Amino acid sequence: MATTREGARPGWVRLCRADEIEEGQSRGFDPDDEGQDSLFVVRWQGQLHAWRNACPHIDGAPMAWRRDAYLNAAGTRIVCHAHGAEFMPDSGLCVQGPCRGERLGHIEFVVDADGELFVKS
Amino acid sequence: MKIVGLESLVFAVDDVRSAARFLVDYGLTPVDVSDRGGRFEAMDGTAVVIARQDDPALPPGPTPGCRLRKTVMGVADEATLGAIAAELRRDREVRRLPDGSIESIDDCGFVIGFQVTARRPFVLPSEISNAPGGVVFRPVNSLGVPPPGSVIRPRSLSHVVYFVPDVMKAEAFYVNRLGFRCTDRFTGTGPFLQPAGSLDHHTHFLIGAPPHMHGVEHFTFHFGGPSEMITNGYRFVEKGYQAFWGPGRHILGSNWFWYFNSPFGCHIEMDADMDQHDASWQPREATASADNSQTFLLKMRRKWYPGPGIPENGDYA
Ligand code: FES
Ligand SMILES: [Fe+2]
């Protein structure tokens with residue numbers, strides 16, 4: 001498990017510096033040491049969004065095609081690279097593909113005053 | 001009709017460079033690749049072809065979300081090509097392309113092509129298991145586990161799996177119009193299909209699914225044996241690619257499998273040691289659940305690869 005920085009709230013796990021995730025980029029994390037990234041963070045139109053790495057089409061299916069590769073080439077959609085479902089990066093709503101109308105699982109996060117990104121452990 | 005199997009699959013991609021790297025890391029050999037796309041060949045010359053999704057030369061897919069734009073099948077000779085053209089012209093357009101191949105569309109919206117096969121024959125021993133009392137053994141002092149650094153390459157394009165909205169109509173097209181045989185079947189899901197010029201358990205598998213899933217579940221190449229295929233899969237995982245299901249062994253077809261996510265809007269598989277059947281084979285029917293579509297894969301997972309330590313939803317590790 002990642003170490004919690006001094007000053008961080010107990011029960012929260014540090015992922016990275018928030019500014020390491022640039023516009024149109026995504027990154028996966030495994031805060032509970034499950035051996036596979038359980039969540040991913042994307043930055044879209046300036047804002048960060050964190051989602052469970054679990055496609056609603058097949059419960060629990062991992063979505064990237066390569067480590068950290070959760071987005072289409074333009075960085076405008078989250079894509080499940082199992083059967084191509086496409087999701088809005090900000091709402092997690094599936095807009096094309098086999099689970100259209102369903103949503104990704106939302107992950108709560110905070111960015112502290114030092115710009116560090118934390119999720120609930 | 002002597003269709004010998006798949007010759008190539010053509011995909012529309014949104015990032016040629018990433019897709020090219022993916023296919024090379026899978027083990028395919030790039031041929032004539034540029035920033036507009038290219039061809040990635042197995043040992044016998046069968047291939048995946050990629051092109052930029054805005055390439056006007058790409059045929060349309062069955063649905064906007066489907067990146068597979070064409071399935072090209074190889075046939076034994078010109079006579080077969082002519083016979084297929086004549087058969088399909090009875091009720092649809094068949095175009096002859098400058099390269100001598102023909103192009104048309106199947107009954108579920110997939111563009112199909114046929115060409116005289118350009119498969120390059122080769123001889124390379126497949127994996128052999130040593131066993132007491134056995135007849136065929138590996139040469140003494142040769143190793144069963146591929147040594148680190150050994151080159152592993154896919155041998156031949158194996159099969160493609162379509163999600164189709166009307167599985168009976170789709171099956172009727174391949175069986176009645178193109179001479180495929182059903183080798184085995186999942187009740188309520190769909191048939192495994194073998195063309196007349198191949199002994200492979202299947203080159204096509206059809207899964208009945210709702211219209212919004214219309215597209216491709218996966219495609220795969222044959223490897224030289226399970227040890228080689230699984231070694232290749234572990235190397236692929238180490239390069240950062242995402243495994244989805246496997247490694248394991250199917251019951252129908254007996255092929256070893258490992259599925260991965262891909263940038264092609266479908267899974268890519270590695271497979272090895274598929275059963276071969278001739279016309280004397282009686283198709284089996286395995287009962288899947290009555291519901292098809294989205295829950296089907298979950299059920300298929302539990303059904304197809306039961307075993308200790310596999311979580312209920314499958315093995316994603
Ligand atoms: S599992 Fe995500 S689209 Fe099928
Ligand atoms: Fe398969």
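This text goes with the structure placed above it.
Residues numbered from 1 in each chain as written. Chains lettered and ligands numbered in written order. Predicted model: local features only at pLDDT ≥ 70, side-chain atom pairs only at ≥ 80, totals over all residues. Heavy atoms only, no water.

1. Remarks on the overall build of chain B
Now for step 1: Of regular secondary structure, chain B possesses five helices and 17 strands.
Now for step 2: In terms of overall size, chain B behaves like a compact globule, its C-alpha atoms giving a radius of gyration of 19 Å where 317 residues would be expected to give roughly 20 Å.
Now for step 3: For chain B, the C-alpha atoms occupy an extent of roughly 55 × 45 × 40 Å along the three principal directions.
Now for step 4: Put simply, chain B has 317 residues, and 55% of those count as buried.
Now for step 5: Considering only contacts in chain B between residues 6 or more positions apart, those separated by 24 or more positions represent 67%.
Now for step 6: By element, 56% of the accessible surface of chain B is carried by carbon and sulfur atoms, the whole surface being about 13400 Å².
Now for step 7: Taking the average place of the 31 positive charges on the side chains of chain B and the average place of its 36 negative ones, the gap between the two points comes to 1 Å. (Helix = DSSP H or I, 4+ residues; strand = E, 2+ residues; numbered from the N terminus. Rg over C-alpha atoms; globule rule 2.2 N^0.38 Å. Buried < 20%, exposed > 50% of the residue type's maximum accessible area, 1.4 Å probe, protein only. Contact = heavy atoms within 4.5 Å. Areas by Shrake-Rupley, 256 points an atom, 1.4 Å probe, with all protein chains shown as cover. Lys, Arg positive; Asp, Glu negative; His and termini not counted. Charge placed at Lys NZ, Arg CZ, Asp CG, Glu CD.)

2. Regarding the nonpolar core
All names here are of chain B.
Now for step 1: One finds Phe11, Ile50, Phe114, Phe219 and Phe264 to be the most contacted residues of the largest nonpolar core, which totals 61 residues.
Now for step 2: Broken down by element, this core gets its largest block of residues, six residues, from helix H1 (residues 16-26).
Now for step 3: Those residues in contact with Ile50 that lie beyond four places of it in its chain are Phe11, Val13, Val16, Ala19, Ala20, Leu23, Arg36, Gly37, Gly38, Phe40 and Phe264. (Core = buried A, V, L, I, M, F, W, Y, C linked by side-chain atoms within 4.5 Å.)

3. A short note on the packing of aromatic side chains
All names here are of chain B.
Now for step 1: Across all of its chains, the model carries 25 aromatic pairs over all chains by this definition.
Now for step 2: Geometrically, the ring pair formed by Phe186 and Phe192 is tilted, given 5.9 Å between the ring centres and 50 degrees between the ring planes.
Now for step 3: Using a relative accessible area of 2% as the deciding quantity, one classes Phe186 as buried.
Now for step 4: Relative to Phe205, the ring of Phe192 has its centre 4.0 Å away and its plane inclined at 5 degrees; by these criteria the two rings are stacked. Of the two residues, Phe192 is situated in strand S11 (residues 190-194) and Phe205 in strand S12 (residues 204-208); the sequence distance between them amounts to 13 residues. For the pair Phe192 and Phe205, one class covers both residues: buried. (Phe/Tyr/Trp six-rings, centres within 6.5 Å; stacked < 30°, edge-to-face > 60°.)

4. A word on the interface of chain B and chain A
Now for step 1: Between chain B and chain A, the contact holds 32 residues from the first and 23 residues from the second.
Now for step 2: Around 2100 Å² of area is buried between chain B and chain A when both sides are counted, 53% of it from carbon and sulfur atoms.
Now for step 3: On inspection of chain B and its partner chain A, the count reaches zero salt bridges.
Now for step 4: In this assembly, chain B and chain A are joined by ten residue pairs in polar contact (both at pLDDT 80 or more).
Now for step 5: The element best represented in the side of chain B that touches chain A is helix H5 (residues 294-304) of chain B, accounting for four residues.
Now for step 6: Counted by class, the side of chain B that touches chain A contains 15 nonpolar, eleven polar and six charged residues. (Buried area = accessible area lost by both parts, 1.4 Å probe. Salt bridge = Lys/Arg side-chain N within 4 Å of Asp/Glu carboxyl O. Polar contact = N/O pair within 3.5 Å; in protein donor to acceptor, adjacent residues only side chain to side chain. Nonpolar A, V, L, I, M, F, W, Y, C, P; charged D, E, K, R; others polar.)

5. As for helix H2 (residues 78-89) of chain B
All names here are of chain B.
Now for step 1: Between its first and last C-alpha atoms H2 spans 16 Å; for twelve residues at 1.5 Å apiece the expected length is 16 Å, and the two agree.
Now for step 2: If you check which residues of H2 are buried, you get Thr80, Leu81, Ile84, Ala85, Glu87 and Leu88. The buried residues of H2 all sit within an arc of 165 degrees when viewed along its axis, so they share a single face. Summarising the geometry of H2, the exposed residues directed more than 90 degrees from the buried face are Glu78 and Ala79.
Now for step 3: Lining the buried residues of H2 we find strand S1 (3-13), strand S5 (68-75), strand S6 (95-96), strand S7 (102-105), strand S8 (111-116) and helix H3 (167-177). (Expected span 1.5 Å × (residues − 1). Arc of directions from axis to C-beta.)

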